[in-house]
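One-letter residues, chain by chain:
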Amino acid sequence: SVVLEVLFGSDDEDTYSLRVVQRIARRQGGGAQTDVPGILFLEIDGLALPVLRRAMRDGNAPTMARWIEEGTHRLTEWEPDLSSQTGASQAGILLGSNEDIPAFRWVEKETGTVMTCSAPDDCARIERERATGIGLLADGGSSRGNLLSGEADEVILTVSRIEAEKRANPGYRAFFANGFNVTRALVLFGWEVILEWVAALRARRRNVRPRGHRGGLYPFMRAAMCVVVRDLIVYGVLTDMMRGRPAVYATFSSYDEVAHHSGLERADTLEALRKLDQQFGRIDRARRYAPRPYEIVVLSDHGQTQGATFKQRNGYGLDELVQRSLAGGTVEKIAGGDEQQAMVGNAIGEATGKKPKKRSKKDVSGEPVVVLGSGNLGLVYLMEARHRLTLEDIQERHPQLIPALRTHPHVGWILVRSANDGPIALGADGTHFLAEGRVDGRDPLANFSPYAPVHLARTDSFPHVADIMVGSFYDPNLEEGCAFEELISFHGGLGGPQTEPFLLSPNELPLPDGPIVGAASVHRILSGWRQLLENGSRRGSGRGGREGTELVGTGLNDPDV
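Calculation criteria
- Residues numbered from 1 in each chain as written.
- Predicted model: local features only at pLDDT ≥ 70, side-chain atom pairs only at ≥ 80, totals over all residues.
- Heavy atoms only, no water.
- Axes fitted to C-alpha atoms, helices over the stretch in contact; angles between N-to-C directions.
- Helix = DSSP H or I, 4+ residues; strand = E, 2+ residues; numbered from the N terminus.
- Parallel < 35°, antiparallel > 145°, perpendicular 65-115°, else oblique.
- Contact = heavy atoms within 4.5 Å.
- Nonpolar A, V, L, I, M, F, W, Y, C, P; charged D, E, K, R; others polar.
- Phe/Tyr/Trp six-rings, centres within 6.5 Å; stacked < 30°, edge-to-face > 60°.
- Buried < 20%, exposed > 50% of the residue type's maximum accessible area, 1.4 Å probe, protein only.
- Lys NZ or Arg CZ within 6 Å of the ring centre and 35° of its normal.
- Core = buried A, V, L, I, M, F, W, Y, C linked by side-chain atoms within 4.5 Å.
- Pairing = 2+ DSSP bridges.
- 1 Å grid on protein atoms, 1.4 Å probe; cavity = no way out; pocket = protein on both sides within 12 Å on 5 of 7 lines; lining within 4 Å.
- Points joined across faces, edges and corners; volume = space filled by probe spheres on them.
- Disulfide = S-S within 2.5 Å.

Undergrad: Quick rundown of the packing of helix α11 (residues 254-262) against helix α12 (residues 267-286)? Include the residues and the values.
TA: Interhelical geometry of α11 versus α12 gives an angle of 175 degrees and a closest axis separation of 8 Å. The orientation of α11 with respect to α12, classified from their angle, is roughly antiparallel. Residues Ser254, Tyr255, Val258, Ala259 and Ser262 of α11 form the contact with α12, whose own contacting residues are Asp268, Thr269, Ala272, Leu273 and Leu276. The residue inventory of the contact of α11 with α12, partitioned by class, reads six nonpolar, three polar and one charged.

Undergrad: How would you explain the packing of aromatic side chains if you had to name every residue and give the values?
TA: Within this structure, the stated rule accounts for five aromatic pairs. Relative to phenylalanine 280, the ring of phenylalanine 252 lies with its centre 5.4 Å away and its plane at 75 degrees, an arrangement referred to as edge-to-face. Here phenylalanine 252 is found in strand β7 (residues 247-252), whereas its partner phenylalanine 280 is found in helix α12, with 28 residues between them in sequence. No difference in accessibility class separates phenylalanine 252 from phenylalanine 280, as the two residues are buried. Between phenylalanine 310 and phenylalanine 484, the ring centres sit 5.3 Å apart and the planes meet at 55 degrees, which makes this aromatic pair tilted. With phenylalanine 310 in helix α13 (residues 310-314) and phenylalanine 484 in the loop between β20 (480-481) and β21 (489-490), this residue pair connects regions lying 174 residues apart in the sequence. Grouped by ring-pair contacts, the aromatic residues Phe310, Tyr316 and Phe484 constitute a single cluster. Directly above the aromatic system of phenylalanine 433 lies the positively charged group of arginine 438, at a separation of 4.0 Å from the ring centroid.

Undergrad: Tell me what's going on with the nonpolar core, and back it up with residues and numbers.
TA: Within the largest apolar cluster, 61 residues are counted, with the highest numbers of intra-cluster contacts made by Ile93, Tyr249, Tyr381, Trp413, Leu456 and Leu526. Broken down by element, the residue count for this core peaks at six residues, all from helix α19 (residues 519-535). Look past the residues within four positions of leucine 526 in its chain and what remains in contact with it is Phe41, Ile93, Leu136, Tyr249, Leu299 and Leu503. Leu47, Met64, Val248 and Ala286 belong to the second largest nonpolar core, which has 41 residues in total.

Undergrad: How would you explain the sheet that holds strand β8 (residues 294-299) if you had to name every residue and give the values?
TA: One open sheet holds the seven strands; their spatial order is β2-β22-β8-β1-β7-β5-β6, and the pairing between them is mixed. Among the strands making up the open sheet, the edge pair consists of β2 (73-77) and β6 (154-156). Between one strand axis and the next, the sheet turns by 15 degrees as a mean value, whatever way the strands run. The pairing of strand β5 (residues 142-144) with β7 spans three bridges and is parallel. The partner of arginine 144 across the bridge, within β7, is alanine 250. On top of the sheet, helix α10 (residues 218-243) reaches β1 (38-44), β5, β6, β7 and β8; it is set at about 170 degrees to β7, its chief contact. Across the face of the sheet, α12 comes into contact with β1, β7 and β8 while running at roughly 175 degrees to β1.

Undergrad: Which residues make up the environment of aspartate 35, and what values do they have?
TA: Checked against the element boundaries, aspartate 35 lands in the loop between α2 (14-28) and β1. What makes aspartate 35 exposed here is its relative accessible area of 72%. Residues aspartate 35 and arginine 292 lie 257 residues apart in sequence; the distance between their C-alpha atoms is 5.8 Å.

Undergrad: Would you mind going over helix α4 (residues 62-69) in detail, with residue names and values included?
TA: Among all positions in α4, only Thr63, Met64, Ala65 and Trp67 are buried. Of the residues flanking the end of α4, it is glycine 71, one or two places downstream, whose phi is positive at about 80 degrees.

Undergrad: Break down empty space enclosed by the protein for me, citing the residues and quoting the values.
TA: Following the criterion strictly, the structure yields six cavities of 30 Å³ or more and no others. Its volume calculated, the second largest cavity comes out at about 60 Å³. Val229, Ile233, Thr251, Phe252 and Ser253 are, among the 11 residues lining the second largest cavity, the residues nearest its centre. Elements that contribute at least two residues to the lining of the second largest cavity include exactly α10 and β7. Among the elements that make up the lining of the second largest cavity, the one with the highest residue count is α10 (four residues). Across the lining of the second largest cavity, the residue classes tally to six nonpolar, four polar and one charged.

Undergrad: Which residues make up the state of the cysteines, and what values go with them?
TA: Within the structure shown, the criterion is met by zero disulfides. Looking at cysteine 117, it has no disulfide partner, and the nearest cysteine sulfur is the one in cysteine 123, 6.1 Å off. The class of cysteine 117 is buried, set by a relative accessible area of 1%.

Undergrad: Tell me about unusual backbone geometry, residues and numbers included.
TA: With glycine set apart, most residues show a phi of negative sign, and most peptide bonds adopt trans. Within the chain, glutamate 151 stands out as a residue other than glycine whose phi angle is a positive 65 degrees. Examined against the element boundaries, glutamate 151 turns out to sit in the loop between β5 and β6. Its identity is not glycine, yet glutamate 479 carries a phi of approximately 55 degrees, on the positive side. With respect to the helices and strands, glutamate 479 occurs in the loop between β19 (474-475) and β20.

Undergrad: Talk me through the packing of α4 against α12; I want residue IDs and the actual numbers.
TA: Viewed as axis vectors pointing N to C, α4 and α12 meet at an angle of 60 degrees, and their least axial separation amounts to 7 Å. The angle between α4 and α12 falls in the class oblique. Taken together, the residues of α12 that come into contact with α4 (itself represented by Pro62, Thr63, Met64, Arg66 and Trp67) are Asp277, Phe280, Gly281 and Asp284. The residue makeup of the contact of α4 with α12, split by class, is four nonpolar, two polar and three charged.

Undergrad: Give me the pairing of strand β4 (residues 113-116): which residues, what numbers.
TA: Consecutive side chains along a regular strand alternate between the two faces of the sheet. Burial along β4 is two-sided: the face carrying Thr113 and Met115 and the face carrying Val114 and Thr116 are both buried. With four bridges connecting them, strand β3 (residues 105-108) and β4 associate as antiparallel partners. Looking across to β4, one finds that valine 107 is bridged to valine 114. Between β3 and the antiparallel strand that follows it, β4, lie four residues; glycine 112 among them carries a positive phi value of about 70 degrees. The pairing of β4 with strand β11 (residues 362-363) spans two bridges and is classified as antiparallel. Residue threonine 113 lies in a different strand from β11, and its bridge partner there is aspartate 363.

Any functional reading would require information beyond the geometric quantities listed.
This is the structure we're talking about:
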């Protein structure tokens, strides 16, 4: 009968929600009763504001739509940094800084090593170097399903803390000890695999374009992310609520995972969003059983933009374009892929206490040229020098490289540093001098956000920015660009809904008057909300000895910008 309940729709109904919540309360005794509100931050990885609005209108996000209709919440757009991907955004949101994270993967030229935002040891280092005691989850908070912990006390499936764990995480044992959870997960896992196979066959039969690779192990990885990992995180959030934790930040990556391969708003992608919305309904209903009141904030770390990939359009990749434009040497291409690929393996290792084999750092010190893709942001490192080469250096060593990149029809802009003019963005028919704000010819950044020049200038200042940063074209009429890795719906750079994430927040929590630009600006807002709830005033004594947080909305990680 449990299997029938799961198959025919009662899996997400109040009966199951109450069963889980009551079991948690009985087993752990709950937390001490208090009137001080806590706050739940529920992140939908990769969901853009315009996509959410259409989903609300069309019945694919009824729980969140109801909050808007009832007047308890409102939607606000914010703009991420140039590296519009989870690693950079969560560093800014959870830690307050994403300095020197130029992309999802980057090269440290001085040591010849590749850093990756999904690798446990690299995430641990990212957090270690940026944690200053002001983490969003410091002082009793909980991290669920994130790349970084935000200095939380309690974590599960948090990549930056996996290497430090010495044994199996007990959160998994509590989840799998519940027979209903196990049966439900197994049944829905199999059903999700079937849904993916059917959707892939339908896309091929109808010749849907663009169309990504959906074979091999992908259907099983999708099922793991959309069912097992999702439910583990929901269970963790419910547990945190029953314990009365003051702040919880949980990332749900199923929409992002399906969108990468299926498309931005295809039927099965929106179905993944609908199922997430159901889970938020469960969390909402569980609030009345918690030992403290909770506010719910839903947000995204970035959106996604759609389009056929660079290779699908041209028959060759960015690495091959660079290779044939060099005066000499060979190109090492670092394989791309979405950021969820390592998550399932991390979950298994954390659940069993058997850590995945430690990844040896990717040593590229002996390679002449390294090309990386981060969505529609490309990075070209010329390894012949251990420092960043200037435009003049590159033109002297490889005279065909810059012209080949800037004039390519599917490249929108390239970012280089000139010894004479500082950071400049080059396009096919013009140059944007970022330090001066001067444009010669046609502005290569014209199709992007008004903040694009500031994003590029900031990234240019990073110690590990590539010799050449490459941004794809963006067509605002078709709302499409192209990724430099094989994902038909992508993020990582500039252009389109990938730069339009959102905050869905309670009306009583104040927002800044100006635009919200940069992930660190979101950190200041969320920290301010937490302090407001805990201290009962807009400026409190602060947590961990900090002063209260001003709610600033402009800045690009610098309140003076």
